[in-house]
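# Inside the fold
One letter stands for each residue in the lines below.
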Amino acid sequence: MSELPRGLRNRNPGNIRRSAVRYKGETESDDAAFKTFASTAWGYRAMFVLLHTYRVRHRIATLRGMIARWAPPSENRTDAYIRAVAADTGIDPDEPLDTLDPATMIPLAAAISRVENGTAADRGEIERGWALFSD
């Protein structure tokens, strides 16, 4: 059996980098670069919080803008990342997103997780993460 991708080992399906920001469900981590969560659902909740923060605090409202910040060209093939997420979700890269709409955000989180981890996301975990976020 192959080893789980780093994001799934850390229960951080979006590979959110370590920072001063502390999320609910975040745990101490041995990973020098990325956060670790108590469960994958908490990792998805953090994804939803971060994407919502992009829209509200940073005025980044589109898939293109969010992914460019999430996965900057200095570390990623950002254009390919945007194309993959747009293809998975059917979301136009330049269409404003409603980060409080689960019909938009659950498929978006699944697509980001697939790009980050190279495997299909667990929809149940994403939905549990959404429930934690929307409470």
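The sections below set out a description of the structure shown in this document. (Residues numbered from 1 in each chain as written. Predicted model: local features only at pLDDT ≥ 70, side-chain atom pairs only at ≥ 80, totals over all residues. Heavy atoms only, no water.)

Right, let's get into the overall build of the chain. Scanning the chain for helices and strands turns up six helices and two strands. In the chain, the succession of helices and strands from N to C terminus is α-β-β-α-α-α-α-α. Rg of the C-alpha trace for the chain: 14 Å, near the compact-globule value of 14 Å for 135 residues, within the 12% margin. Taking the principal axes of its C-alpha atoms as reference, the chain extends roughly 35 × 35 × 30 Å. Counting all 135 residues of the chain, 43% fall into the buried class. For the chain, contacts bridging at least 24 residues in sequence account for 55% of all contacts bridging at least 6. Charged side chains of the chain number 19 positive and 18 negative; the gap between the two group centres comes to 4 Å. (Helix = DSSP H or I, 4+ residues; strand = E, 2+ residues; numbered from the N terminus. Rg over C-alpha atoms; globule rule 2.2 N^0.38 Å. Buried < 20%, exposed > 50% of the residue type's maximum accessible area, 1.4 Å probe, protein only. Contact = heavy atoms within 4.5 Å. Lys, Arg positive; Asp, Glu negative; His and termini not counted. Charge placed at Lys NZ, Arg CZ, Asp CG, Glu CD.)

Quick look at unusual backbone geometry now. Phi is positive for Asn15, close to 50°, though the residue is something other than glycine. Take Asn15: it is sitting in the loop between helix H1 (6–9) and strand E1 (26–27). Accessibility expressed as a relative area gives 12% for Asn15, which makes it buried. Of note in the backbone geometry, Arg59 takes a positive phi value of approximately 60° without being a glycine.

Once that is clear, we can look at helix H6 (residues 123–134). The end-to-end C-alpha distance of H6 is 16 Å, a good match for the 16 Å that twelve residues give at a rise of 1.5 Å each. Taken together, the buried positions of H6 are Glu125, Ile126, Gly129, Trp130 and Phe133. In a view along the axis of H6, the buried residues occupy a sector of 145°, so they form one face of it. Where H6 is buried, its residues contact helix H2 (40–56) and helix H5 (102–117). Structurally, the start of H6 carries an N-cap: the backbone nitrogen of Gly124 is 2.9 Å from a side-chain oxygen of Asp122. (Expected span 1.5 Å × (residues − 1). Arc of directions from axis to C-beta. Polar contact = N/O pair within 3.5 Å; in protein donor to acceptor, adjacent residues only side chain to side chain.)

A few words now on the packing of helix H4 (residues 78–89) against H5. Where H4 contacts H5, the axes come no closer than 9 Å and their chain directions differ by 135°. With respect to H5, the element H4 is oriented oblique. In this structure, H4 crosses over H5, and the sense of that crossing is right-handed. Residues Tyr81, Ala84, Val85, Asp88 and Thr89 of H4 form the contact with H5, whose own contacting residues are Pro107, Leu108, Ala111, Ile112, Arg114, Val115 and Glu116. Of the residues in the contact of H4 with H5, the class split is eight nonpolar, one polar and three charged. (Axes fitted to C-alpha atoms, helices over the stretch in contact; angles between N-to-C directions. Parallel < 35°, antiparallel > 145°, perpendicular 65-115°, else oblique. Left-handed = near helix turned anticlockwise from the far one by under 90°. Nonpolar A, V, L, I, M, F, W, Y, C, P; charged D, E, K, R; others polar.)

Here the focus is the packing of H2 against H5. At their nearest, the axes of H2 and H5 sit 11 Å apart, and the two run at 110° to each other. When the axes of H2 and H5 are compared, the pair comes out roughly perpendicular. Here the hand of the crossing between H2 and H5 comes out right-handed. Between H2 and H5, the residues in contact are Tyr44, Met47, Phe48 and Leu51 and Met105, Ile106, Leu108, Ala109, Ile112 and Ser113, respectively. In terms of residue class, the contact of H2 with H5 is built from nine nonpolar, one polar and no charged.

Shape descriptors only; they carry no functional weight alone.
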